[in-house]
Amino acid sequence: METKQFKAESKRLLDMMIHSIYTHKEIFLRELISNASDAIDKLYFKSLTDDKVGLNKDDFAIWISADKDSRTLKITDNGIGMTAEELENNLGTIANSGSFKFKNENQLDGDSQIIGQFGVGFYSAFMVAKKVTVISKAYGSDTAYQWESEGVDGYTITEADKENIGTEIILELLDDTDDEKYGEFLDTYRIKGLISKYSDYIRFPIKMEVTHSRPLEQSEEDKEAGKAPEYEDYIEIETLNSMIPLWKKSKSELKEDDYNHFYTEKFMDYSKPLKYSHIINEGMPSYNALLYIPANAPYDFYTKEYEKGLQLYSNGVLIMDKCSDLLPDYFSFVKGLVDSDDLSLNISREMLQHDRQLKVIARSIEKTVSNELKKMLKNEREKYEEFWKAFGLQLKYGIYSDYGMNKDKLQDLLLFTSSNGKLVTLDEYVTAMREEQKYIYYATGDSVARIEQLPQTELVKDNGFEILYLTDNVDEFAIKTLMNYKEKEFRNVSADDLGIDNTEKQEEVKAKEEENADMLKDMAEALDGKANKVILSKRLKSHPVCLTSEGEITLEMEKVLNAMPGEQKIKAQRVLEINPEHEIFNKLKSIAESGDKDKLAKYANLLYTQALLIEGMEIENPVEFSNLICELM
Ligand code: ADP
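Just so it is clear, the model here is predicted, and its values are computed rather than measured. (Residues numbered from 1 in each chain as written. Predicted model: local features only at pLDDT ≥ 70, side-chain atom pairs only at ≥ 80, totals over all residues. Heavy atoms only, no water.)

> I keep staring at the pairing of strand β3 (residues 129-137) and nothing clicks. Help me out?
Along a regular strand, successive side chains alternate from one face of the sheet to the other. By the criterion of burial, β3 is predominantly enclosed, with 7 of the 9 residues buried. For β3 and strand β6 (residues 166-173), the ladder comprises 8 bridges, and the chain directions are antiparallel. Note that in β6 the partner of Ile-135 across the bridge is Glu-168. Hairpin connection of β3 to strand β4 (residues 144-149): 6 residues between the antiparallel strands, including Gly-140 at a positive phi of 90°. (Buried < 20%, exposed > 50% of the residue type's maximum accessible area, 1.4 Å probe, protein only. Helix = DSSP H or I, 4+ residues; strand = E, 2+ residues; numbered from the N terminus. Pairing = 2+ DSSP bridges.)

Structural data, given as structure tokens:
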């Protein structure tokens, strides 16, 4: 018989299981039962449309049996079973275990995190067993197969005898040590406890033959003599789980831990969720839902591969794994499930889209999520900021997409980094606005640090006005979609009109501009289309130059739009602003007066490139820039 080797990663996990000092080894039972239940789900679903299955709903069950003499624990199901190939693929390699994402650290600490936080599946059996045997017969197959392994050395697959479709898993428990009493897992009492703790909600009965004893009938004589009765053992088949799924239980029965544990298990997350919500709706349509807001964005969340959706059950039977119609795009981060008795079991994906009940449910789910977020923002600010870091971007996309159709619903959920160093809501910003402040100011850039140094912010800051720092690509598009908030318009700090009353300065600058009109024109010409205009700045205080834009497209938008593939390149109408208070201005004037147009042109190019650098934009010709500096030095 050929012994096959486990794939490398599987071997590592297996090794980790075998040497685990994890204190919750008991979870192995939960894992095996949950696999059994999944397997029955699959066959049950088939049985609804396929008479050949030959089983009724009540026939499906998971059986547990323990034998103290041979120290074996058996878990049997009449689910879909596995072919030889499936035994090989599913149990020989971890790649097929959906619940396991390998973490790199292999310290014990990391181990218990992996094991504890969510299911590691089948291999957890090796935490308690020295030998694991799986005998399985797949639906539609005549031959049964046996998979057997004593751990890292490998496994064998051979033909086996088994009459019924399904899977039997036999664990030969490890020997007891001073610290670990594996034999415990053979005690009825312990098994019952584990099932009620971890597997109570499993939809199929978990049955076990339980031995009880009862007193034998006594003769009158013995009774009178006060003799103790004799006892006899008898066997009863007990169902150990209530079979009520978590979401169908009443809220008062459940603790936060129950909800969180269910989440990490079901949705394969390391971390417990930030928030959960349990909806029990008895109206029309009647449905139950469990909704979760994860603490972290899944690794593929902001990619095309990410699939939003909630699990959809009809009367406890899973009919769709990711029903996307239940969630709007801007709440695509929500995980959870919906179970309604008012939905047809055989409903197709296309029919679902038009299902009225489903639309009603979707609307109420959206409302619940929105309320939960608002509550979190109001009462648990820190938690909300954590949420924002993970999923804020998605809400901003939500503002911008669908032509701003949902902006009213979402605008109060937004947070922005403000120049006061905190995250603020628009409402907080507007409430803190000073009486003379006309606009909601914002500045854009790659990072907060970069924006803080932007010369354009000087005038607004000097007036003591708060500025929203926009660092995400979508930000400015979202702001443009909002247009205003509570009747206050948004204004980019580099806009021409900042609504700040500095008439005196403006007139002064205007006069200087007229005086130096020729020089500014010559400079603009020297820039040869790179900037459309050179003007004297009304906003700069200490910096020599800055780059702003005229018209609809701002520099930031130009950056974002041009980063998109395919599109034609777009260019903002650039304006080079020169600070008339800065020494450089006098220098420029003296060059202009001397009539050295060539030198003026060089200065114009140098200043323009400097402005590009400050903006964090690409320099068109670094070599030329470098040569110019040397030349002028
Ligand atoms: P997961 O259940 O997370 O996918 P496991 O390691 O527990 O990972 O199981 C791997 C795969 O083996 C399962 O996805 C399933 O296809 C198969 N499997 C495990 N147990 C059973 C069973 N009792 N009946 C049928 N298939 C099973």
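> Got a minute to help me understand the pattern of salt bridges in this structure?
Opposite charge on two side chains makes pairing possible when the charged atoms of those side chains draw close. Taken as a whole and judged by the stated rule, the model has 40 salt bridges. The closest approach of N and O atoms between Glu-184 and Arg-190, which form a salt bridge, is 2.7 Å. Of the charged contacts, one joins Arg-434 and Glu-436 as a salt bridge, the two residues approaching to 2.8 Å between their closest N and O atoms. (Salt bridge = Lys/Arg side-chain N within 4 Å of Asp/Glu carboxyl O.)

> Looking at this model, I keep getting lost on the sheet that holds strand β22 (residues 573-578). Mind explaining?
The strands that make up a sheet are held in pairs by hydrogen bonds between backbone atoms, and each pair lies either parallel or antiparallel. The strand order across the open sheet formed by 3 strands is β20-β22-β21, and the pairing between neighbours is mixed. Two strands bound the open sheet, and with one partner strand each, they are β20 (533-536) and β21 (545-550). Averaged over neighbouring strand pairs, the angle between their axes works out to 35° when direction is ignored. Strand direction decides the pairing type here: β20 and β22, joined by 4 bridges, are parallel. Among the inter-strand pairings, Val-534 is bridged to a residue of β22, identified as Leu-576. Contacts from helix α20 (residues 597-615) reach β21 and β22 within the one sheet, and its direction differs from that of β21 by about 80°. (Axes fitted to C-alpha atoms, helices over the stretch in contact; angles between N-to-C directions. Contact = heavy atoms within 4.5 Å.)

> Explain the sheet that holds strand β18 (residues 484-485) here, please?
Ordered by their spatial adjacency, 6 strands build an open sheet running β15-β14-β17-β16-β19-β18, and the pairing between neighbours is mixed. At either margin of the open sheet sits one strand with a lone partner, and together these are β15 (423-424) and β18. In this structure, strand β14 (residues 416-418) lies alongside β15, joined through 2 bridges in antiparallel fashion. The residue of β15 that forms the bridge with Thr-417 is Leu-423. Across the sheet, helix α15 (residues 475-482) lies against β14, β16 (440-444), β17 (467-470), β18 and β19 (488-492), angled at about 155° from β16, the strand it touches most.

> Sorry if this is basic, but what is going on with the packing of α15 against helix α18 (residues 555-563) here?
When two helices pack together, their arrangement is given by the angle between the helix axes and by the axis-to-axis distance. At a closest axis distance of 9 Å, the pairing of α15 and α18 adopts a crossing angle of 120°. Of the possible angle classes, the one that applies to α15 and α18 is oblique. In this structure, α15 contributes Glu-476, Phe-477 and Lys-480 to the contact, and α18 contributes Glu-556, Met-557, Val-560 and Leu-561. (Parallel < 35°, antiparallel > 145°, perpendicular 65-115°, else oblique.)

> Mind showing me how you'd approach unusual backbone geometry here?
One can expect most non-glycine residues to show negative phi and most peptide bonds to be in trans. Cis geometry marks the peptide bond from Met-284 to Pro-285, where omega comes out at -5°. Although it is not a glycine, Tyr-403 sits at a positive phi angle of roughly 55°. Mapped onto the secondary structure, Tyr-403 falls in the loop between α10 (381-400) and α11 (407-410). Classification of Tyr-403 by relative accessible area gives exposed; the value is 85%. A positive phi is found at Glu-487, a non-glycine position, where the angle reads about 65°. If you trace the backbone, Glu-487 turns up in the loop between β18 and β19.

> Is there a simple way to think about the pairing of strand β1 (residues 62-67) in this case?
In terms of strand pairing, β1 meets strand β2 (residues 72-77) through 6 bridges, oriented antiparallel. Note that in β2 the partner of Ile-62 across the bridge is Asp-77. Counting the residues between successive antiparallel strands, the hairpin from β1 to β2 contains 4 residues, one of them, Arg-71, with a positive phi of roughly 50°. Summarising the sheet, β1 and strand β7 (residues 206-215) pair through 3 bridges and their orientation is parallel. For Ile-62, the partnering residue across the bridge sits in β7 and is Ile-206.

> I keep staring at the side chain of Gln-437 and nothing clicks. Help me out?
By the secondary structure assignment, Gln-437 is in the loop between α12 (426-432) and β16. Exposure remark for Gln-437: the relative accessible area of 4% places this residue in the buried category. Setting aside residues up to four positions removed in sequence, Gln-437 forms contacts with Tyr-429, Phe-465 and Glu-466.

> Explain helix α9 (residues 356-379) to me, please; I cannot follow it from the model alone.
Because an α-helix packs 3.6 residues into every turn, residues spaced three or four apart end up facing the same way. Its 24 residues place the ends of α9 35 Å apart at the C-alpha level, agreeing with the 34 Å of an ideal helix rising 1.5 Å per residue. Restricting attention to buried positions, one finds in α9 the residues Leu-358, Ile-361, Ala-362, Ile-365, Glu-366, Thr-368, Val-369, Ser-370, Glu-372, Leu-373, Met-376 and Leu-377. Its side-chain oxygen at 3.0 Å from the backbone nitrogen of Gln-357, Asp-355 defines the N-terminal cap of α9. (Expected span 1.5 Å × (residues − 1). Polar contact = N/O pair within 3.5 Å; in protein donor to acceptor, adjacent residues only side chain to side chain.)

The values are spatial; any link to function lies outside them.
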